[in-house]
Amino acid sequence: MKKVLFFLLLLTASKGYAQQQDSTFYLQNVVVTGTRTPKLLKDVPIQTRLITAEDIERIDATNVEDLLQQEMPGVEFSYAQNQLKHMNFCGFGGQGVLFLMDGERLAGETMDDVDFSRLEMANVDRIEIVKGAASALYGSNAGGGVINIITKDVKEPWTLNVNARFAKHEERRVGGSWGLNRKAWRNLLSVNHTFTDNFMVKNAPDPKAQVVSTVYGDCTWNVKERLTFSPTAHVKLIGRAGYFYRQVTRTFDNPERYRDYSAGLRGLWDMTGQDHLELSYSFDQYDKSDYHRITKIDVRDYSNVQNIFRGVYHHSWDGGDILTIGADFMHDYLMNKNLGRKNINQDSFDAYAQYDWMASERWEVVGALRYDYFSDKKDSRLSPKLSARYQPLENMNVRFGYGMGFRAPALKEKYYNFDMVGIWIIQGNEQLKSEVSHNFQASADYTRGQYNFTASVYYNDVRNKIATGVPHYLPTDYKQLYLDYVNFENYAVWGGEATVQARWSNGLSARMSYAYTDERLPKNKEGQAVNNQYIPARRHSLMVRVDWSKQFSQNYGLSLSLNGRFLSGVENVEFVDYYDISKGTNKVEYPAYTLWKLSAAQRFGKAWKLTVAVDNLLNYKPKYYYFNCPLTDGANLMVGLSIDLNRLR
Amino acid sequence: MKVENSLFAGFSIFKSFVAVGSFVLMSGVLSSCEGAFEGVYDDPDKEVSIKKGQLVVDATDWQTWHYIDLLEADAAQQKEGKGYSAIEIKIPTERLEASVDEEHSQHEERAGIYTYWYDVFGEGLSKREIRQFVPTKNQDEPASWHLAVHRNNVRTNGGAVYMTAYTSMDDLPESSEAFGEVAFTEDEWNETDVWTVQEKMLQGLIGNQGIKVNSLLSSWLKVSLPPVPPTFTLNNHVFILKLKDGTFAALQLVNYQNAAGVKCHLTINYKYPY
């Protein structure tokens, strides 16, 4: 029976659509990220946060940044110089959290973060978020967690959707998707375009830290094609290709361009009902270039190319135990005009095994071990993980575990040599060690009637944290400042999260989620706080949402949604004068803020949906547009229309 | 139903197309670990041809004036395969030891490096305060020159400038007589715009050379701070330069960066005598 269930889960997971029967809180939905095997959310041994297509639609999120900051407490997006985005995910930066698209890694980074605007939310079936170290299954960069974005499959014989949304600052989002499903073949083609204009913001006099005066918009195009062929009930082949383009116009004469070309082939074979094999090849190329408007030339200055081969095999036993064995090979190529040399290649290889043991009706224990090898500097790493789930009651789970996370130094961090307009030189460090984190966590969830409660605590002890250090002069060159990548000792982050949600039969539902994050930043030998490259996580964050939905007749339905978030203030130790470090450091206070969004979605018939929303309902305008404040200049009216042409009658 | 059938018919063709396309794509991709689609981009090292009546000056260096003799530029262009090289003369930054009076007086117009603090992260360059003055010797000049460029600054050799409404050299009137009645702007003393010492720029401190410049002709390239790094704005209007010997030249900045994106790499259209 269990093997039949496993097979069914595999099929369902690969089909990707949500099972919603008997699932007030999606507990019957299948998730795959925590153990790399399909599990019902209520049974998964690693705590997993599931964001469904329904959540994404309700939030009307454009990309993953838009979604996470409205849905996940403890996640904040701030900015670096030039308004480049930086994520703080419960104390971990962009390189400490692994983003996956249908299980595949993404090439390219800017200021250590992936290009979030590339991760659009159109045609996303669900997002699975596993907090805490997961390097025993996912390798480097999974120290802070894994965010796996899983796209929709085509269920109906054909689908054709067009949609558009308009808002302030000439913001527009226009998209379309075309799906076909016939016999053994399924195809989904989607095209999406976004645009937001640059706009100016006004700061009060005498800011205490750097501020933004122009908010840069962008223009994106995202085209995705996926073809699925299932010659038998046990075999599935998926081919995909994608193109992404983004342009940011910081200066009129030199718009910055970002492009991504991706392709992949994946084969899934259910060999016996108990044995399952998956093989895949993935190609991802992320390029950056500057367009010279005067001479009409487009000059590339960055390219990261990843070729990845993956294989994973599962065997399940009648008792419910599952063995997972996998291996990956990646060739990583980096061209960056700011490297000490022109380009760098690296091969990496890994192998891992996991055993999921159903010890009893109430106990489940999962152990995993992974070996990673990196050809550059011949670095290798062994990462273990051990997790347990205890079910004292049918509707209650207690989970706890330990996991090791690591992040191999990026090629850029080893070989960078960037002269920042003559002010200082950011330089790589070939001697960097891998950043290693030890993650301990415990969580509990309980469901009773229309109510669901979850609570979790975690502690991360991070050794050899990789970051840029203190600017310094060389003894041979007292005029030029250098900023090196270094390993920091003594970094830790601990915190917790508590969520209560309810869904009543009258169409009303509510959710409140609170996160506490405490970063223990590195200190110098005298025990004093040193300058922190990025502003630390805000200690308290609270998310509130209330939804109400009613179908008044066959032809008319209405959904109302109120979302709010509150983020506490935060202090950061920064150089008084970043370019004259002899003046020492001081504390900069960044204020708390709250943002609310009210939206109304009206459904006309089965095909039409009109959404009207007011973002930043309380018309919040920051006094100073610091690098960690929301870049809003007040309330924003958004109007959107979506038409499912296949449902027109 | 018709829509559905035609969609499926299209789908069959599409499937074959995608299958073949995928195969070709995968073969192409696998053959190169260093990526594909190189043809999308342009080569920054490709030599750009210099047109007739055009000169290129690499004026990127903070501490160098580039002196241009338009007759020499013309002569150099006549010789096949040889571009014009402006005469480079360094800006003096060494303290003039003979001087004992280092207190700055705004009316003295003394050669030297004037360090100003600018409100780079706030109100911008217009809000500034003098912080230091270091006297230096006067700027050296070659025997013969018409204009000199330093990054976004331009000086004339005793000339004066008028900005026309034209944005193409081809649209100019036949002769400079058309500008006989207009008001020309002469060079003026300046100690805030010729950025020479950049070490403390992000502290808002910039060392400027005290020297006469032509603010109108310098407006062909405007530098704005904030943001950091600064932005450059090209003004492609044609300027008329009246030289001290009474002759005229027409000048137009058409580009300020090279193919690698380096700023203050100037491409200038000129017509002399005009």
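Counting starts from 1 at the beginning of each chain's written sequence and moves along it residue by residue. The naming scheme follows written order: chains are lettered A onward, ligands numbered 1 onward. Totals for whole chains, interfaces and linings use every residue, but because this is a predicted model, local features are given only for residues with pLDDT of at least 70 and side-chain atom pairs only at 80 or more, for both listing and counting. Calculation of side-chain values draws on the structure's entire complement of heavy atoms; hydrogens and water are dropped beforehand.

### Points about the overall build of chain A
Consideration 1: Going along the chain from the N terminus, every DSSP run of H or I of four or more residues is numbered as a helix, and every run of E of two or more is numbered as a strand. A tally of regular secondary structure across chain A gives five helices and 39 strands.
Consideration 2: Taken over C-alpha atoms, the radius of gyration is set against a globule rule of 2.2 Å times the number of residues to the power 0.38. Whereas a compact globule of 649 residues would reach a radius of gyration of roughly 26 Å, chain A reaches 24 Å, a difference of no more than 12%.
Consideration 3: When its C-alpha atoms are laid out on the principal axes, chain A stretches across 75 × 50 × 50 Å.
Consideration 4: Partly exposed describes any residue whose relative accessible area lies between the buried limit of under 20% and the exposed limit of over 50%, with all areas from a 1.4 Å probe on protein chains only and scaled to the type maximum. Within chain A, the proportion of its 649 residues that are buried is 59%.
Consideration 5: Contacts between residues were defined by any pair of non-hydrogen atoms, one from each residue, lying within 4.5 Å. Relative to all contacts within chain A whose residues are 6 or more apart in sequence, the contacts with residues 24 or more apart total 61%.
Consideration 6: Surface accessibility in these figures is a Shrake-Rupley result with a 1.4 Å probe; residues are shielded only by whichever protein chains are displayed. As displayed, chain A offers around 26600 Å² of accessible surface, 58% of which is attributable to carbon and sulfur atoms.

### Considerations on the overall build of chain B
Consideration 1: For chain B, the count of helices and strands is three helices and 18 strands.
Consideration 2: Considering only contacts in chain B between residues 6 or more positions apart, those separated by 24 or more positions represent 64%.
Consideration 3: Surface exposure of chain B reaches about 14200 Å², of which carbon and sulfur atoms provide 50%.

### What about the pairing of strand β20 (residues 343-357) of chain A?
Residue and element names in this part refer to chain A.
Consideration 1: Strand pairing follows a simple DSSP-based rule, namely that at least 2 bridges must link the two strands. Here 14 bridges tie strand β19 (residues 322-336) to β20, and the two strands are oriented antiparallel to one another. Paired with Leu 334 across the two strands is Ile 344, which belongs to β20.
Consideration 2: In this structure, β20 lies alongside strand β21 (residues 363-374), joined through ten bridges in antiparallel fashion. Across the sheet, residue Ser 348 finds its bridge partner in β21, namely Phe 374.

### As for the confidence of the model for chain A
Consideration 1: Each residue gets a pLDDT score, which is the predictor's confidence in that residue and runs from 0 to 100. Of all residues in chain A, 93% have pLDDT values of 70 or greater, and the mean over the chain is 90.
Consideration 2: Overall, residues 7-22 of chain A carries pLDDT values under 50, and its contacts beyond four positions in sequence, including any with other chains, amount to 33 contacts.

### As for the environment of A:Leu567
Residue and element names in this part refer to chain A.
Consideration 1: Looking at the element boundaries, Leu 567 is found in strand β34 (residues 556-567).
Consideration 2: On the basis of relative accessible area, Leu 567 is assigned to the buried category, the value being 6%.
Consideration 3: With 386 residues separating them in the primary sequence, Leu 567 and Asn 181 have C-alpha atoms 45 Å apart.

### Side note on the nonpolar core
Consideration 1: Ranked by internal contacts, the top residues of the largest apolar core, which has 41 residues, are B:Ile68, B:Leu70, B:Leu147, B:Val149, B:Trp220 and B:Leu251.
Consideration 2: Every element with two or more residues in this core is listed here: β1 (54-58), α2 (70-78), β4 (112-119), β6 (147-150), β14 (221-224), β16 (239-242), β17 (248-257) and β18 (263-271) of chain B.
Consideration 3: In this structure, B:Leu251 is in contact with B:Leu70, B:Leu147, B:Leu217, B:Trp220, B:His237, B:Val238, B:Phe239, B:Leu241, B:Ile268, B:Asn269 and B:Tyr270, ignoring residues within four places of it in sequence.
Consideration 4: A:Leu67, A:Ile147, A:Ile149 and A:Val462 belong to the second largest nonpolar core, which has 31 residues in total. In plain words, nonpolar cores are sets of buried Ala, Val, Leu, Ile, Met, Phe, Trp, Tyr and Cys residues tied together by side-chain atoms within 4.5 Å.

### Re the interface of chain A and chain B
Consideration 1: Of the residues lining the interface, 56 residues belong to chain A; the matching set on chain B comes to 45 residues.
Consideration 2: Here the quantity called buried area is the total loss of accessible area, with a 1.4 Å probe, experienced by two parts when brought into contact, counted for both. Of the roughly 4300 Å² buried between chain A and chain B on both sides combined, carbon and sulfur atoms contribute 66%.
Consideration 3: Salt bridges are defined as contacts in which a side-chain nitrogen from Lys or Arg sits within 4 Å of a carboxyl oxygen from Asp or Glu. Our count for the contact surface shared by chain A and chain B stands at zero salt bridges.
Consideration 4: Polar contact is the term for a pair of N or O atoms within 3.5 Å; when the atoms are in protein, one must be able to donate a hydrogen and the other to accept it, and sequence-neighboring residues count only if both atoms are side-chain atoms. Our count for the chain A to chain B interface comes out at seven residue pairs in polar contact (both at pLDDT 80 or more).
Consideration 5: Those elements giving two or more residues to the side of chain A that touches chain B turn out to be β10 (171-182), β11 (185-195), β14 (219-232), β16 (256-270), β17 (275-292), β18 (297-316) and β19 of chain A.
Consideration 6: With seven residues, the top contributor of residues to the side of chain A that touches chain B is β18(A).
Consideration 7: When the residues that make up the side of chain A that touches chain B are grouped by side-chain class, the tally is 24 nonpolar, 17 polar and 15 charged. The residue classification treats Ala, Val, Leu, Ile, Met, Phe, Trp, Tyr, Cys and Pro as nonpolar and Asp, Glu, Lys and Arg as charged. All others, Gly included, are polar.

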